[in-house]
Amino acid sequence: MATKTAQDLALPVGVTLDRFIMRSQSAFPYATGDLSQLLRDIALAGKIIDREVNRAGLVDISGGVGTSNIQGEAQQKLDVVANIRFIRALKNGGEVCAIISEEDEEIIYTGNDNGKYVVAMDPLDGSSNIDVNVSIGTIFSIYHRVTPIGTPATIEDFMQGGRKQVGAGYILYGSSTILVFSTGSGVNGFTHEHSLGEFILSHKNIRCPLDGKIYSLNDGYYDGFQASVQEYVLDCRRRDYSARYIGSLVGDFHRNMLKGGVYLYPPTQKDPNGKLRLLYECYPLAFLAEQSGGRATDGYGDILDIEPKSLHQRTPFYTGSVRMVEDIQARL
Ligand code: AHM
Ligand code: MG
């Protein structure tokens, strides 16, 4: 267990996100206050989506909207709503010049060419769980733009590679709503206190256990996995590991980061590059994995070292406790 520093002990019980950001601002990269404001904007978007998610069963906003996203998957109404809300919050916030989203093929320009940041996001991940009251999540990744301020952003701003992220995180809409993020000095989680309308620091300096006994993958694809992955799954069974798979990446990742475990989305016969998207699913979670002492690989090297080639590219993904990820990687 991490030893408490004098600064830890000085923190009052119930630190709000705002206060935490204010206190740690000097530790942020590009500590000008803009990134702090951007995190506040993301938190606000999270609260708005949280409200929509909680109302989903009450008003007729869940269910397919009849369109499909660029990957050809049925788009749920709530995905569309979350996408619109998130984009609007970032536009209004003014810190972001451009966004890429799982729900949009092209770069979205916010109209704020003076914004210093670009954001890659999956506004509502876990689409198969939206309609059935199971945890879903928002994932985000933040870069400092590389193109000149005052000009329109370009694809170059999004093609910097995972190690250039200045912040990343997710909001998990589960049994409670939690915002988890890192700006490069550890990972912290803030639980939404609905009655106060505030995110309160609830998971300080999250550390992913070095080893674990939980494995998370879609066992239904077993026959389509390569032999080494099949062998790993058999070993997990022999070792009496627990199989836990929600089918919402954020939920599976969150549990494994807290309890120790590994999440796997290997190549399958159907999806030879895996299913998950590098820029707005794997990079941000890999950033959090490393920041919490865990690991994330595509089976060969660190996810954060993969050179991006296109906005919506996919990659195999193995992430969680270091020893478990290394065990898999050694077999591939
Ligand atoms: P989505 O972006 O359409 O929601 O897909 C991503 C989700 C992940 O949250 C989850 O881990 C995975 O897809 C589940 O896929 P599968 O149903 O193939 O196991
Ligand atoms: Mg997704």
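For the structure, see preceding data.
Bear in mind that the values here come from a model prediction, so they are computed numbers and not experimental data.

J.: Mind laying out the overall build of the protein chain, listing which residues take part and the relevant values?
T.: Regarding its fold elements, the protein chain presents eight helices and 15 strands. Residues classed as buried in the protein chain amount to 56% of the 332 residues present. Long-range contacts, defined as pairs at least 24 residues apart, comprise 62% of the intrachain contacts of the protein chain with a sequence gap of at least 6. When the accessible area of the protein chain is evaluated, it comes to approximately 14,100 Å², of which 49% is carbon and sulfur surface.

J.: How would you explain the sheet that holds strand β9 (residues 188-193) if you had to name every residue and give the values?
T.: What the eight strands build is an open sheet, ordered β4-β3-β5-β6-β7-β8-β9-β10; its pairing is mixed. At either end of the open sheet lies a strand with only one pairing partner, and these are β4 (108-109) and β10 (198-203). Contacting β5 (117-125), β6 (136-144), β7 (165-173), β8 (177-182) and β10, helix α6 (residues 249-259) runs over the sheet at an angle of about 105 degrees to β7.

J.: I'd like a description of the site of ligand 1, backed by residues and values.
T.: The local shell around ligand 1 holds 18 residues, among which D125, Y221, Y245, L249 and Y265 are the closest. Within the side chain of D125, an N or O atom sits 2.5 Å from an oxygen atom of ligand 1. The side chain of N218 places a nitrogen or oxygen atom 2.8 Å from an oxygen atom of ligand 1. Calculation on ligand 1 without its partners gives an accessible area of 470 Å², and the protein chains cover 91% of this total. Every element with two or more residues in the shell around ligand 1 is listed here: β5 and β13 (262-265). Taken together, the residues that form the shell around ligand 1 break down as six nonpolar, five polar and seven charged. A domain split of the shell around ligand 1 shows at least three residues from each of domain 1 (17-203) and domain 2 (214-331).

J.: Can you break down helix α2 (residues 17-24) residue by residue, with the values?
T.: Among the residues of α2, those classed as buried are L17, F20, I21 and S24. All buried residues of α2 lie within an arc of 100 degrees about the axis, which places them on one face of the element. Summarising the contacts, the buried residues of α2 are in contact with α3 (34-55), β8, β9 and β10.

J.: Give a detailed account of the coordination of the magnesium ion (ligand 2), specifying residues and quantitative values.
T.: The protein atoms donating to the magnesium ion (ligand 2) are E102 (OE), D122 (OD), D125 (OD) and E281 (OE), with metal-donor distances spanning 1.9 to 2.3 Å. Mapping the donors of the magnesium ion (ligand 2) onto the primary sequence gives the spacing E-x19-D-x2-D-x155-E. Given a relative accessible area of 10%, D125 falls into the buried group.

J.: Any chance you could break down the packing of aromatic side chains for me, citing the residues and the numbers?
T.: Applying the stated criterion across every chain yields a total of seven aromatic pairs. Between the aromatic rings of F20 and F190, the centroid separation amounts to 5.0 Å while the plane-to-plane angle is 70 degrees, which identifies the pairing as edge-to-face. Of the two residues, F20 is situated in helix α2 and F190 in strand β9; the sequence distance between them amounts to 170 residues. As far as burial versus exposure is concerned, F20 and F190 are alike and both buried.

J.: Would you mind going over unusual backbone geometry in detail, with residue names and values included?
T.: In this structure, N205 takes a positive phi of about 45 degrees despite not being glycine. Note on placement: N205 falls in the loop between β10 and β11 (214-216). Not every positive phi belongs to a glycine, and D240 is a case in point at roughly 60 degrees. Here D240 is to be found in the loop between α5 (227-238) and β12 (242-243).

J.: Account for the sheet that holds β13, with residues named and values stated.
T.: Overall, mixed pairing links the five strands, which are arranged β12-β11-β13-β15-β14 in an open sheet. Every other strand in the sheet has two partners, leaving β12 and β14 (295-297) as the edge strands with one partner each. Bridge count between β14 and strand β15 (residues 317-320): three bridges; the pairing is antiparallel. Residue pairing for β15: R295 is matched across the bridge by G320. Its contacts with the sheet place α5 against β11, β13 and β15, and it is angled at close to 145 degrees to β11. With respect to the sheet, helix α8 (residues 322-331) is in contact with β11, β13, β14 and β15, its orientation differing from that of β14 by roughly 25 degrees.

J.: I'd like a rundown of helix α7 (residues 278-291), residues and numbers included.
T.: Of all 14 residues in α7, 13 are buried; the element is thus mostly enclosed. Phi turns positive, to about 90 degrees, at G293, one or two residues after α7.

Cut-off values and rules
Each chain carries its own residue numbering, running from 1 in the direction its sequence is written. Naming scheme: in the order in which they are written, chains are lettered from A and ligands are numbered from 1. Under the rules for a predicted model, residues below a pLDDT of 70 receive no local features and side-chain atom pairs below 80 are neither given nor counted, while totals for whole chains, interfaces and linings still include all residues. Hydrogens are left out, water is left out, and the side-chain values use all remaining heavy atoms of the structure. Secondary structure elements follow DSSP: runs of H or I of four or more residues count as helices, runs of E of two or more count as strands, with numbering from the N terminus. For every residue, the accessible area obtained with a 1.4 Å probe (protein chains only) is divided by the maximum for its type, and the residue is called buried under 20%, exposed over 50%, and partly exposed between those limits. We call two residues in contact whenever any of their non-hydrogen atoms come within 4.5 Å of each other. For every accessible area listed, the method is Shrake-Rupley and the probe measures 1.4 Å; residues are considered covered only by the protein chains on display. In this description, strands pair whenever DSSP reports at least two bridges between them. Here an angle of 0 to 180 degrees is reported between the N-to-C directions of two axes, which are lines fitted to C-alpha atoms, with helices fitted over the stretch in contact. Any residue with a heavy atom lying within 4 Å of a molecule or strand is counted as near it. Within 3.5 Å is the distance limit for a polar contact, defined as a pair of N or O atoms, with the added protein rule that one can donate a hydrogen and the other accept it, and that residues adjacent in sequence qualify only through two side-chain atoms. Ten residues, namely Ala, Val, Leu, Ile, Met, Phe, Trp, Tyr, Cys and Pro, are considered nonpolar, four, namely Asp, Glu, Lys and Arg, are considered charged, and the remaining ones, Gly among them, are considered polar. Residue ranges assigned to the domains are those given by an automatic or database domain assignment. The arc under discussion is defined with respect to the helix axis, by the directions toward the C-beta atoms. Because water is not among the atoms used, a metal site may look incomplete, as its donors are only the N, O and S atoms within 2.8 Å, or 3.2 Å for Na, K and Ca. Here is the rule: rings of Phe, Tyr and Trp (six-membered ring for Trp) pair when centre to centre is within 6.5 Å. Planes less than 30 degrees apart are stacked, more than 60 are edge-to-face, and the remainder are tilted.

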